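Residue-level structural notes
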Amino acid sequence: MERFLGDLKPGERACVECIQGCGAIRRRMMDMGIVPGVELEVVRRAPFGGPLQVRLKGYYLAMRRGECARIAVTTAHQLNIDPIDTTRHIEHPLASR
């Protein structure tokens, strides 16, 4: 079952599998650090369809729900990640560029 970033609840952690779509939106997300393999956590969700606040690579990012609906993720329980372990980072080779 494929899950998207917009489906996660606050406190859930996931690893980015892929970004659907192409063009400027995909490039913008990758420029913000959302690349395949990066681990992120949903911090909070604004009410009434507002943005999500996510934490990745040590910083916080607010994203529109439409953008989150394009990011396919694998949740932490599917990855067997200890929810307390904040030192484990899965990064894509291009994530540091």
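A few points on the structure. Computed from a prediction, not measured in an experiment: that's the story for all the values here.

Bringing the overall build of the protein chain into the picture now. For the protein chain, the count of helices and strands is three helices and six strands. Written out in order from the N terminus, the α and β elements of the protein chain read β-β-α-β-β-β-α-β-α. Counting across all 97 residues of the protein chain, residues that qualify as buried make up 38%. For the protein chain, the accessible area works out to roughly 5,900 Å², and carbon and sulfur atoms hold 54% of it.

Our next topic: the pairing of strand β2 (residues 13-19). Judged by how many residues are buried, β2 sits mostly within the fold: five of seven residues are covered. The sheet contact formed by β2 and strand β3 (residues 39-45) spans three bridges and is antiparallel. When the sheet's bridge partners are listed, R13 is paired in β3 with E41. Where β2 lies against strand β6 (residues 71-75), five bridges are found, and the strand directions are antiparallel. Of the residues in β6, the one forming a bridge with C18 is A72.

Taken in spatial order, the six strands make up an open sheet running β1-β6-β2-β3-β4-β5, and their pairing is antiparallel. One side of each edge strand has no neighbouring strand; the edge strands of this open sheet are β1 (3-4) and β5 (59-63).

To continue, consider unusual backbone geometry. Positive phi outside glycine occurs at F48, with the angle close to 60°. Mapping F48 onto the fold places it in the loop between β3 and β4 (52-56). A residue is classified by how much of its surface remains accessible, and F48, at 89% relative accessible area, is exposed. Even without being glycine, K57 reaches a positive phi, approximately 50°. Taking the relative accessible area as the measure of exposure, K57 reaches 30% and is therefore partly exposed.

What follows deals with the side chain of R3. Structurally, R3 can be placed in strand β1. Residue classification places R3 among the buried positions, given a relative accessible area of 15%.

Rules used in this analysis
- Residues numbered from 1 in each chain as written.
- Predicted model: local features only at pLDDT ≥ 70, side-chain atom pairs only at ≥ 80, totals over all residues.
- Heavy atoms only, no water.
- Helix = DSSP H or I, 4+ residues; strand = E, 2+ residues; numbered from the N terminus.
- Buried < 20%, exposed > 50% of the residue type's maximum accessible area, 1.4 Å probe, protein only.
- Areas by Shrake-Rupley, 256 points an atom, 1.4 Å probe, with all protein chains shown as cover.
- Pairing = 2+ DSSP bridges.

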